[in-house]
Protein chains: 2
Amino acid sequence: MDHGKNKEAASVLLIACSETDSNIYYASGFLAPDPYVYLSANGQSYLLMSDLEVDRARAQSKVNHVLSYSEYEERARKKGTASPGLAEVVHTLMQELDVKEWTVPADFPLEYGDAFRALGCRLAIKKAPFFEARAVKTPEEISAIQETQAAVEAALDGVIALLRRAEIKAGFIYAEGVQLTSEAVRQQLHLSLMGRGCIGQHTIVSCGIDGCDPHNEGAGPLRANESIIMDIFPRSVGSRYFADMTRTVVKGRPSDDLKKMYDTVLEGQLLGIERVKDGASGREIHEKITDLFEKKGYHTGKVDGRMQGFFHGTGHGLGLDIHEPPRISRSEWVLKEGEVVTVEPGLYFPEIGAVRIEDMVLVQKEGCRNLTTYPKFLEIK
Amino acid sequence: MDHGKNKEAASVLLIACSETDSNIYYASGFLAPDPYVYLSANGQSYLLMSDLEVDRARAQSKVNHVLSYSEYEERARKKGTASPGLAEVVHTLMQELDVKEWTVPADFPLEYGDAFRALGCRLAIKKAPFFEARAVKTPEEISAIQETQAAVEAALDGVIALLRRAEIKAGFIYAEGVQLTSEAVRQQLHLSLMGRGCIGQHTIVSCGIDGCDPHNEGAGPLRANESIIMDIFPRSVGSRYFADMTRTVVKGRPSDDLKKMYDTVLEGQLLGIERVKDGASGREIHEKITDLFEKKGYHTGKVDGRMQGFFHGTGHGLGLDIHEPPRISRSEWVLKEGEVVTVEPGLYFPEIGAVRIEDMVLVQKEGCRNLTTYPKFLEIK
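Predicted model, so just to flag it, every value in this text is computed and none were measured.

What counts, and at which threshold
Residues numbered from 1 in each chain as written. Chains lettered and ligands numbered in written order. Predicted model: local features only at pLDDT ≥ 70, side-chain atom pairs only at ≥ 80, totals over all residues. Heavy atoms only, no water. Domains from an automatic or database assignment. Contact = heavy atoms within 4.5 Å. Buried area = accessible area lost by both parts, 1.4 Å probe. Salt bridge = Lys/Arg side-chain N within 4 Å of Asp/Glu carboxyl O. Axes fitted to C-alpha atoms, helices over the stretch in contact; angles between N-to-C directions. Helix = DSSP H or I, 4+ residues; strand = E, 2+ residues; numbered from the N terminus. Parallel < 35°, antiparallel > 145°, perpendicular 65-115°, else oblique. Left-handed = near helix turned anticlockwise from the far one by under 90°. Nonpolar A, V, L, I, M, F, W, Y, C, P; charged D, E, K, R; others polar. Polar contact = N/O pair within 3.5 Å; in protein donor to acceptor, adjacent residues only side chain to side chain. Pairing = 2+ DSSP bridges.

(A) Structural context of the domain arrangement of chain A. Residue and element names in this part refer to chain A. For chain A, the domain assignment lists domain 1 (12–134) and domain 2 (136–380). With 10 residues of domain 1 in contact, the opposing surface of domain 2 contributes 10 residues. In total, domain 1 and domain 2 occlude about 820 Å² of area from one another, counting both sides; carbon and sulfur atoms represent 42% of this. On the domain 1 side of the interface with domain 2, the three residues burying the most area are Ser-22, Tyr-25 and Arg-134, jointly 54% of the side's total. Our count for the contact surface shared by domain 1 and domain 2 stands at 3 salt bridges.

What follows is the structure, given as structure tokens:
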């Protein structure tokens with residue numbers, strides 16, 4: 001995917017593994033299992049690749065020049081370094097490019113930072129977001145996110161259908177005679193996602209009190225008449241773009257308290273979505289929701305050493321990473337047209353249950369477009 | 001999994017995301033989607049966790065103390081820093097621990113490296129392997145690797161059965177009337193792996209000339225009578241340990257040249273496995289194999305600007321990472337009892353095809369134990 005906007009004026013130096021570092025993948029478009037070197041200077045971009053990867057990088061990357069690491073190793077040797085390390089080899093190329101200062105990300109490896117400075121290079125650390133352009137999505141990126149989202153909705157739909165068919169016996173849930181567990185439902189979601197080329201990891205299927213810890217993945221039998229949070233956020237293997245959606249359901253009959261809490265979270269979520277638009281303050285949106293929850297009597301704070309109420313952010317950007325700028329939270333952040341953010345308030349009270357509802361929306365000039373089409377309902381009879 | 005050997009004398013400071021950084025996961029046993037802080041000093045280990053994660057970290061991590069980030073933020077404020085950043089907050093804890101020098105990994109974030117140094121901390125960068133203990137596997141780790149390997153072998157077995165049932169028409173391969181492609185076979189492998197709780201990514205199913213680029217994942221219809229390399233290296237979701245195996249097969253009739261090349265690679269691989277033992281030199285093993293290939297007439301080098309022959313390492317350690325120390329390659333590395341390494345020579349000649357055969361072995365006092373049980377054969381009639 002060519003972003004056509006990745007023009008950073010600064011000269012950039014990245015050394016990272018594109019499998020785990022989205023900045024170098026975004027800049028180079030090249031996926032490899034081991035760290036490699038990316039540079040951009042004077043409007044041109046470069047990769048220094050090992051012999052093993054150089055042909056593939058030439059075919060698959062989107063940089064202007066794929067250079068051979070061993071060739072630059074040889075040049076460094078000729079300049080007098082007997083056994084040049086990576087820093088010396090890269091430095092040979094840096095000198096050829098004749099750049100005064102290199103911009104590196106905050107998580108640039110300290111070892112190489114020290115080495116380049118010792119070689120006389122000036123490094124300017126740029127905090128996240130390293131590539132501002134990553135937050136604002138192109139039409140291709142939005143399509144990629146929507147494609148992943150389609151897999152999310154299909155996977156959830158399979159589970160909802162399963163829960164509809166399921167029976168309740170002695171407070172537990174059975175489908176085709178088998179007791180449903182968090183693990184089994186998660187596995188069904190993961191197989192469905194994989195069937196559509198997406199990898200789900202840490203998918204949350206948490207029942208009742210388990211859900212009150214928002215990052216608890218859930219384990220054991222699912223119980224009827226209790227909240228079941230399903231938070232699904234896979235990555236597409238092909239595009240590498242994530243999607244993210246949460247629904248909370250009850251198989252059977254929710255308590256009145258749980259119903260009221262669900263309605264409150266939904267009201268807060270819709271209020272949040274309504275306020276997302278170009279120029280809106282993430283902090284203000286978050287505060288509107290926390291105010292609503294307080295007003296409705298859901299107080300956030302520690303009880304018996306454990307947080308309850310609404311104690312996470314309202315939303316986060318996503319794309320090549322599952323969590324990336326911007327944020328809708330206590331921190332100040334002004335939303336911009338083209339950003340894709342989640343809106344996912346939740347309420348967590350061990351005595352009632354846990355509710356979180358999450359959609360993914362595209363920030364627009366006036367308002368936003370909801371990229372999530374899955375319906376919202378609490379009860380499954 | 002408690003390693004029971006993770007006693008590093010130095011005081012360690014790690015700031016990383018355990019989802020992508022195996023050192024912090026190894027040290028803490030705690031998986032979280034965002035970066036967090038790990039310290040060890042005076043035989044005690046610490047996590048500084050956000051309110052959102054602190055309860056889960058207390059339940060799931062294996063450190064001695066899970067501390068609240070916001071509490072240390074408050075302490076930093078009391079000491080006079082108006083809005084303390086992460087470095088100031090961590091520094092408050094560092095001062096309490098009264099340590100002269102902190103050991104950090106080579107890929108420690110430069111931004112924090114600069115910040116801690118500015119606060120007067122001495123940082124000692126330790127090159128990989130950061131935790132030597134990670135290379136030498138405990139019995140639990142070996143079991144975890146074997147469990148992942150069982151999923152690999154089951155997945156491959158499904159594909160081999162499919163290829164046996166398949167028919168050849170006009171040079172292509174059809175199973176149940178459908179033309180087999182790299183993509184379809186990869187998808188079958190991934191679904192089978194997922195069925196056993198493992199995530200396969202970048203699994204290679206590459207036919208003929210595609211296989212001559214060892215990292216080419218393969219695409220398009222599989223052809224009869226040509227080499228098909230299948231390199232399968234998933235991670236277990238539960239244990240997070242990888243396994244790695246490669247087999248090369250031909251559906252139909254391989255050429256005599258391809259058969260000879262297969263036999264040569266197998267001879268080299270067996271010769272390599274035979275030499276793996278505690279104290280053996282990885283470089284010498286690699287050289288034995290390269291010598292054999294040269295002697296048999298398979299010369300390694302560039303032809304028409306493209307590498308052919310045997311131009312990658314013979315093997316690599318694996319565990320929580322797919323590539324970790326030790327190496328069996330041109331670099332010097334002495335193998336140690338308890339390490340798990342691959343032995344995976346290959347030969348790549350565009351005019352003949354590509355062959356790689358890979359097993360995973362456990363280094364022992366005398367020799368090694370092969371953790372791979374899948375048979376080796378070239379032809380599938």
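(B) Region of the structure containing the packing of helix 8 (residues 256–275) of chain A against helix 9 (residues 282–295) of chain A. Residue and element names in this part refer to chain A. In the contact formed by helix 8 and helix 9, the axes pass within 9 Å of each other and the chain directions differ by 155°. What the angle tells us is that helix 8 and helix 9 run roughly antiparallel. Crossing geometry of helix 8 relative to helix 9 is assigned as right-handed. Judged by residue contacts, Thr-264, Val-265, Glu-267, Gly-268, Leu-271, Gly-272 and Arg-275 of helix 8 engage Ile-285, Lys-288, Ile-289, Leu-292 and Phe-293 from helix 9. Its residues placed into classes, the contact of helix 8 with helix 9 shows 6 nonpolar, 3 polar and 3 charged.

(C) Region of interest: the interface of chain B and chain A. Taken together, the contact between chain B and chain A spans 42 residues of the former and 42 residues of the latter. Here chain B and chain A share 4 salt bridges between them. A:Lys127 serves as the salt-bridge partner of B:Glu111, at 2.4 Å between the closest nitrogen and oxygen. The tally of links between chain B and chain A comes to 20 residue pairs in polar contact (both at pLDDT 80 or more). For the side of chain B that touches chain A, the elements supplying multiple residues, two or more each, are helix 2 (51–60), helix 5 (110–118), strand 6 (122–126), helix 7 (182–195) and strand 16 (306–308) of chain B.

(D) Focus on the sheet that holds strand 8 (residues 172–175) of chain A. Residue and element names in this part refer to chain A. In spatial order, the strands read 7-8-9; together these 3 strands make up an open sheet with antiparallel pairing. Edge positions in the open sheet fall to strand 7 (167–169) and strand 9 (178–179), since each of these has one partner strand only. Inspection of the sheet shows strand 8 paired to strand 9 by 2 bridges, in the antiparallel sense. Its bridge partner being in strand 9, Ala-175 is matched across the sheet by Val-178.

(E) Expanded view of the environment of B:Ile273. Residue and element names in this part refer to chain B. If you trace the backbone, Ile-273 turns up in helix 8 (residues 256–275). With 121 residues separating them in the primary sequence, Ile-273 and Val-152 have C-alpha atoms 20 Å apart. In this structure, Ile-273 is in contact with Val-343, Asp-359, Val-361, Cys-368, Asn-370 and Lys-376, ignoring residues within four places of it in sequence.

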